[in-house]
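Structure assessment
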Amino acid sequence: MKKLLDLLSEEMGQAFEAAGYDKALGKVGVSNRPDLCEFQCNGAMAGAKQYHKAPIMIANEVAAKLEGSKVFEEAAAVAPGFLNLKLKKEFLRELLEVVAKEPKFGLEAPEKPKKIVIDYGGANVAKPLHVGHLRSAVIGGSVKRINRYVGHEVIGDAHLGDWGLQMGLVIVGLKERYPDWVYFDESYEGEYPEEAPFTISELEKIYPASSARSKTDAEYKAKAMEATYKYQQGVRGYWALGMKIREVSIKDLRKNYDALNTQFELWNGESTIKDLIPEMVQYMKDGGYAYISDGALVVDVKEETDTKEMPPCMILKSDGASLYNTTDLATILDRVRNFNPDQIIYLTDKRQDLYFQQVFRCARKTKLVEPQVDLKWIGFGTVNGLDGKPFKTRDGGVMRLEQLIKDTQDEMYRKIREGREMSEDEARKVANQVALAALIYGDLSNQASKDYIFDMEKFTSFEGDTGPYVLYTIVRIKSILAKFAEQGGDVSATKLNIVQSDAEKALVMQLLQFNSMMEGAATELAPHRVCGYVYELANDFNRFYHETKIITEEDETKKAGWIALLSLTKNVMLDCISVLGFEAPEKM
Ligand code: ARG
C-alpha cells in the first residue's frame, strides 16, 4: 500500500491542480500543531512567490476544491496560508482494512532489493565480551533484521578479531606453560590433535596475564610479536593453535550471543582472508597505489578538500606484519568476490571514525570496490554508568557482558516476583525474556551515535519509554484477545469499525504509518525509529484502551471491530519488537 502521506499529498496535489496551481505544492506532512489538526499542507505559502498571490488566497481556493473530498473531513485555510487537515473516518477504515490483510501491514517490497553484508559483533577471540560489544551486537542485529524485513538480502558476519597481537600473546602464554606441545615443535609434520588442549576459562586467564607481562617485559613482548608474525605467516603449528583458540572462543561466544538473541550467518574473522593478503598487496603495488614510506607500505588517502589531518593507510608494517587495516581491506575484496554486495555496513565504537574513513578511501582509490558499492559505517557511542563515565563494575573493573545480562535478569526477576502469582520457574523464564527487552530497548531507543547511561532502574521499569512497557502493552492485548476467545468470539475477524473516538482515530492513524516508518528505519539504518514508533503505538493503544470498554460492549459488531483493531495493533507491535530483537511472553 502507498504511504499515508503520499496518499494525502496526491489528494491535495489534485486540489492544487484543480485550482490552477502546480500539483507539487500539495505536499502534506504530519501536523506540528496536533491540537489544531492531524496533518497540514504548507504549499500555499510556497506557491505565493511563484504565483504572486497572497498565500491565504491560494489556500482558500484549494480548500474550496476539497469540499466533498473522500479523504479530508476538514481542510481549513488559516492565516497566513496554512491548510489544516483532518481525515475522514471512512477513508481511514478502508485503508486500515487493506493494511490488516497485508502480511507486512502496508509495507511494499523494494523495487530493487539490495544485497547487504553487515559486519557487526566485532568480538575478539580469547577475550571476554564487555559492555561495548553489547551495542555492536544489538544495533547490528537490529539493522540486519529491519533490512531483511523490508525485503533486502542481508548477510551478517561476526568479523572476529583474531589477527593482532592478542593472538601472539595467547600463543606465547601457552608456550610458557606447555613448551612440549607439538604445536611448538617446528619439525613436527603430523596432524594436530582434534581436541583443543585448553578451555575458554584458561584462555581468558592467559590473555590478561600475558598482556600485562608484555607491558613490562620487553623480551616477552618481542616473543609475542614474533609469535603473531609466525601465526600470520601461517607457520603450521602456530596457525593450527590459532585456529583452536578461535574454535574454543567461538563456542563460548555463541553462548553469549544466544543470550542476546544475536545470530551470525558467517563466523569469519580477520584471519579468514589470510591468503588474500599477498595478492592484494601485490595488486596495490602494481597499480602504483602503495609505496614504501619509512620502511612501511602505505597508500595515501588524503584529499585536497580535507580540512583535518588524514594519515596514509598502512598496509604492511616495516617488519612485513599486516595490520587491522590490511585485514579489513582484504575482507572487502573477499566480500566483493563472494557476495558482490550493493552495500557493506560496519558497526564499531565511534572512536574508529578516522580509521574507517581511511579504509573506505583506500578501498575506493585502489578500486577494490566498484564506485556504486555503498560502504557505510555506523559509529556508536559509549555506554556510561549513572555517574556519566564509561560503565564499570562496582569495584571499577571492566563490566563483562555476561555479568550485565545476569544483573538485568536478576533485577527483572525481583520485579516480576513482586506481587505476582507465578511459579519460580515461570518467573525466571519471563524475567529473562523481559530482561532482554530491557537491555535491547534501553540501547536501541537511543540514536546509535549518542552515548547513553545504563540506568538499570529505568530500563527495567514497566512504565515510560522502556522495553518492559512495550511488552506489558502487548501482553495486555493478548489477554483481552484471550478473554474474547474464551467467550466464544472469533479473534481472526478483520472487519473494522468506522473510527469513533479521537483516541481510536489516533491509534488508527499510527497504524497506517507503520509502512513509512519501517522503510525509513531501513534506509536510515535507524532502529531507534522503530523504538520511537512502537512506544507511540503503545501509548496510543493504552489511551484507547482506558477510554473504551471492549469486553463488556453489547453491540457485537462493534466489539468484533475493536477486537480486529486490537489484533492488528498486537501484530504490528510484534513485528516491531521482532526486528528490534526480542519477544513477548504470554503473561508478565
Ligand atoms: N574487533 C574490533 C574491536 O573490538 C571490531 C571489529 C569491527 N569490524 C571491522 N571490520 N573492523 O574493536
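Below you will find a few notes about this structure.

What counts, and where the lines are drawn
Residues numbered from 1 in each chain as written. Predicted model: local features only at pLDDT ≥ 70, side-chain atom pairs only at ≥ 80, totals over all residues. Heavy atoms only, no water. Pairing = 2+ DSSP bridges. Helix = DSSP H or I, 4+ residues; strand = E, 2+ residues; numbered from the N terminus. Axes fitted to C-alpha atoms, helices over the stretch in contact; angles between N-to-C directions. Contact = heavy atoms within 4.5 Å. Core = buried A, V, L, I, M, F, W, Y, C linked by side-chain atoms within 4.5 Å. Buried < 20%, exposed > 50% of the residue type's maximum accessible area, 1.4 Å probe, protein only. Salt bridge = Lys/Arg side-chain N within 4 Å of Asp/Glu carboxyl O. Near = heavy atom within 4 Å. Polar contact = N/O pair within 3.5 Å; in protein donor to acceptor, adjacent residues only side chain to side chain. Areas by Shrake-Rupley, 256 points an atom, 1.4 Å probe, with all protein chains shown as cover. Nonpolar A, V, L, I, M, F, W, Y, C, P; charged D, E, K, R; others polar.

With that out of the way, let us pick up the sheet that holds strand β10 (residues 343–349). In sheet architecture, strand pairing relies on hydrogen bonds along the backbone and comes in two forms, parallel and antiparallel. One open sheet accounts for four strands, arranged β6-β5-β10-β11; its pairing is parallel. Two strands bound the open sheet, and with one partner strand each, they are β6 (153–157) and β11 (374–380). Looking at each pair of strands side by side, their axes are set apart by 20 degrees on average, direction ignored. Its contacts with the sheet put helix α5 (residues 131–150) on β5 (115–119), β6, β10 and β11, and the angle it makes with β11 is roughly 140 degrees. Sitting on the sheet, helix α12 (residues 353–365) is in contact with β10 and β11, with an inclination near 175 degrees to β11.

Time to look at the nonpolar core. Counting residues in each nonpolar core, the largest one holds 192 residues, and the members touching the most others are M12, V62, L174, I245, L329 and M518. When sequence neighbours within four positions are dropped, the list of residues in contact with L174 reads W181, F184, F198, L203, I206, L241 and I245.

A few words now on the pattern of salt bridges. Applying the stated criterion across every chain yields a total of 37 salt bridges. Put simply, K223 and E176 hold a salt bridge, and the shortest N to O gap is 4.0 Å. Note that K223 is positioned in helix α8 (residues 218–233) and E176 in helix α6 (residues 165–177), a separation of 47 residues in sequence. The class for E176 is partly exposed, based on a relative accessible area of 41%. Because the salt bridges share partners, they merge into one network encompassing E411, R414, K415, E418 and E457.

Attention now goes to the site of the ligand. Surveying the vicinity of the ligand reveals the residues D119, G122, N124, H159, Y324, D328, Y346, T348, Q352 and F356. In the model, a nitrogen atom of the ligand is placed 3.5 Å from a nitrogen or oxygen of the H159 side chain. Here the ligand has 350 Å² of accessible area as a free molecule, and 86% of this is covered by the chains. Mapped onto the shell around the ligand, the elements with two or more residues apiece are α11 (324–339) and β10. Taken together, the residues of the shell around the ligand break down into three nonpolar, five polar and two charged.

Here we take up the sheet that holds strand β8 (residues 296–299). Within the open sheet, the three strands sit side by side as β7-β8-β9. Their pairing is antiparallel. Only two strands of the sheet have a single partner each, and these edge strands are β7 (290–293) and β9 (313–316). Here the strands of the sheet are splayed against their neighbours by 45 degrees on average, with no regard to which way each runs. Inspection of the sheet shows β8 paired to β9 by three bridges, in the antiparallel sense. Bridge pairing in β9 links V298 to M314.

By themselves, these observations are geometric and do not establish any function.
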